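Structure assessment
Chain by chain, the residues run as shown.
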Amino acid sequence: MSELTELYKEIAACQRCELAKGRTHTVPGEGPENAEIMFIGEAPGFHEDRQGRPFVGAAGKFLDELLASIGLTREDVYIGNVIKCRPPGNRDPLADEMAACKPFLDKQIELIQPKLIVTLGRFSMARYFPNTKITRIHGQPKRIGGRIYYPMFHPAAALHQPKWRSVVQEDMLKIPQILKEAEGLGEAEPLEQAAQLSLF
Ligand code: URA
């Protein structure tokens, strides 16, 4: 069994926070173990909780369209979330829930070693870009060590507010060029050791 599959089993058995009580399924994430691009969303919603798969509802359909606009399918990329269980009523994840789930996402990144991490929405953005606003920094890649981090609006934001739709679409179209830059970088270093360098 691969280490990632073992991790999925560990996530499925997790009781680290209250969300375990209300879930139908954990949603660990999915995609190739050697994916170059990793998208990190927020949390499973109703459909994800039912199916145990990330981004399978309306926001997921839009994400599929966005991927298609740059010639990719969801099988080409890794798709995960900051937390692996659905919060009741799709409320925002709480700090203690994100803290309880953090080791899982850290381990996923360590195993997959993506060259490019695309954060979808403010909760995954805050992992790498604390104390800022997504309206300020979306669409601006940042190199940290051997990896590029790229903040985008959450696809659901574009569904709720049509004015963000073209912004999300334009930010997505920059990804192929950013990936090229990321492929030219050396080994990704752990965040703590990496110098914080802006690439663009
Ligand atoms: N929104 C997310 O952030 N993640 C999902 O998996 C689905 C919707």
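That block above? That's the structure.
Please read all numbers here as calculations on a predicted model, not as lab measurements.

**Side note on helix α1 (residues 3-12)**
Along α1, the residues that are buried comprise Leu-4, Leu-7 and Ile-11. Buried residues of α1 fall within an arc of 55° about the axis and therefore sit on the same side.

**So, the nonpolar core**
Counting residues in each nonpolar core, the largest one holds 54 residues, and the members touching the most others are Phe-39, Leu-116, Val-118 and Ile-175. Aside from chain neighbours lying at most four places away, what touches Leu-116 is Glu-36, Ile-37, Met-38, Arg-147, Ile-148, Tyr-150, Ile-175, Ile-178 and Leu-179.

**A few points about the layout of surface pockets**
When its volume is computed, the largest pocket comes out at roughly 640 Å³. Forming the walls of the largest pocket are 28 residues, and the residues nearest its centre are Glu-42, Ala-59, His-154, Ala-156 and His-160. Listed by contribution, the elements that provide at least two residues to the lining of the largest pocket are α3 (46-51), α4 (58-69), α6 (122-128) and α8 (155-160). Per-element accounting of the lining of the largest pocket gives the leading share, four residues, to α8.

**Structural notes on the site of the ligand**
In the neighbourhood of the ligand, the contacting residues comprise Gly-41, Glu-42, Ala-43, Glu-48, Pro-54, Phe-55, Asn-81 and His-154. Within the backbone of Ala-43, an N or O atom sits 3.1 Å from a nitrogen atom of the ligand. Within the side chain of His-154, an N or O atom sits 2.7 Å from an oxygen atom of the ligand. Notes on the ligand: free accessible area 240 Å², of which the protein chains cover 91%. When each cavity is represented as a set of grid points, the ligand is found to reside in the largest pocket. Across the shell around the ligand, the residue classes break down as three nonpolar, three polar and two charged.

**Observations concerning the packing of aromatic side chains**
Inspection of the entire model under this criterion finds two aromatic pairs. On the numbers, 4.3 Å between centres and 35° between planes, the contact of Tyr-128 with Tyr-149 is tilted. With Tyr-128 in helix α6 and Tyr-149 in strand β5 (residues 147-152), this residue pair connects regions lying 21 residues apart in the sequence. Tyr-149 shares its class with Tyr-128; the two are buried. Taken together, a centroid distance of 4.4 Å and an interplanar angle of 25° make the contact between Phe-153 and Trp-164 stacked. Taken together, the residues span a long stretch of sequence, with Phe-153 in the loop between β5 and α8 and Trp-164 in the loop between α8 and α9 (165-173) at a distance of 11 residues. Judged on exposure class, the residue Phe-153 and its partner Trp-164 are both buried.

**Thoughts on empty space enclosed by the protein**
Empty space among the atoms becomes apparent when a probe as large as a water molecule is rolled across them. One pass over the full model with this rule turns up one cavity of 30 Å³ or more. Considering only enclosed or pocket space, the largest cavity measures out at about 100 Å³ in volume. Looking at the largest cavity, it is lined by 15 residues, and the ones nearest its centre are Cys-14, Cys-17, Lys-84, Cys-85 and Cys-101. Of all the secondary structure elements, the ones that give two or more residues to the lining of the largest cavity are α2 (19-22) and α5 (95-112). For the lining of the largest cavity, the element with the most residues is α5, which contributes four residues. Class assignment of the residues belonging to the lining of the largest cavity gives a composition of 10 nonpolar, one polar and four charged.

What counts as what
- Sequence order sets the numbering: in each chain, residues are counted from 1 along the sequence as written.
- Thresholds applied to this predicted model are a pLDDT of at least 70 for local features of residues and 80 or more for the giving and counting of side-chain atom pairs; totals over whole chains, interfaces and linings are not thresholded and use all residues.
- Just so you know, side-chain values use all the structure's heavy atoms and leave hydrogens and water out.
- Throughout, exposure labels follow a simple rule: accessible area from a 1.4 Å probe, protein chains only, divided by the maximum for the residue type, with under 20% read as buried, over 50% as exposed, and the rest as partly exposed.
- Put simply, DSSP H or I for four residues or longer makes a helix, DSSP E for two residues or longer makes a strand, and each gets a number counted from the N terminus.
- Taken from the helix axis, the directions to the C-beta atoms give the arc we talk about.
- Here the nonpolar core consists of buried residues drawn from Ala, Val, Leu, Ile, Met, Phe, Trp, Tyr and Cys, with membership extended through side-chain atoms lying within 4.5 Å.
- Residue contacts are counted whenever heavy atoms from the two residues lie within 4.5 Å of one another.
- Cavities and pockets were defined on a 1 Å grid built over protein atoms only: a cavity is a set of grid points that admits a 1.4 Å probe from which the probe cannot escape, a pocket is an open set flanked by protein on both sides within 12 Å along at least five of seven lines, and lining residues are those with an atom within 4 Å of any such point.
- Grid points are joined across faces, edges and corners, and a volume is the space filled by probe spheres set on the points.
- Distances are taken per atom, and a residue is near a molecule or strand as soon as one of its heavy atoms is within 4 Å of it.
- The term polar contact refers here to a pair of N or O atoms within 3.5 Å; inside protein, the definition further demands a hydrogen-donor-capable atom paired with an acceptor-capable atom, and it admits residues adjacent in sequence only when both atoms are side-chain atoms.
- Per-residue accessibility takes into account occlusion by the displayed protein chains alone, with areas from the Shrake-Rupley method and a 1.4 Å probe.
- Assignment of a molecule to a cavity or pocket requires that more than half of its atoms lie within 2 Å of the corresponding grid points.
- Residue polarity is assigned by list, with Asp, Glu, Lys and Arg as charged and Ala, Val, Leu, Ile, Met, Phe, Trp, Tyr, Cys and Pro as nonpolar; anything else, Gly included, falls into the polar class.
- Pairs were defined over the aromatic rings of Phe, Tyr and Trp, the Trp ring being its six-membered one, requiring ring centres within 6.5 Å. Orientation was assigned from the angle between planes: stacked under 30 degrees, edge-to-face over 60, tilted for the rest.

As far as function goes, none of this settles anything; it's purely spatial.
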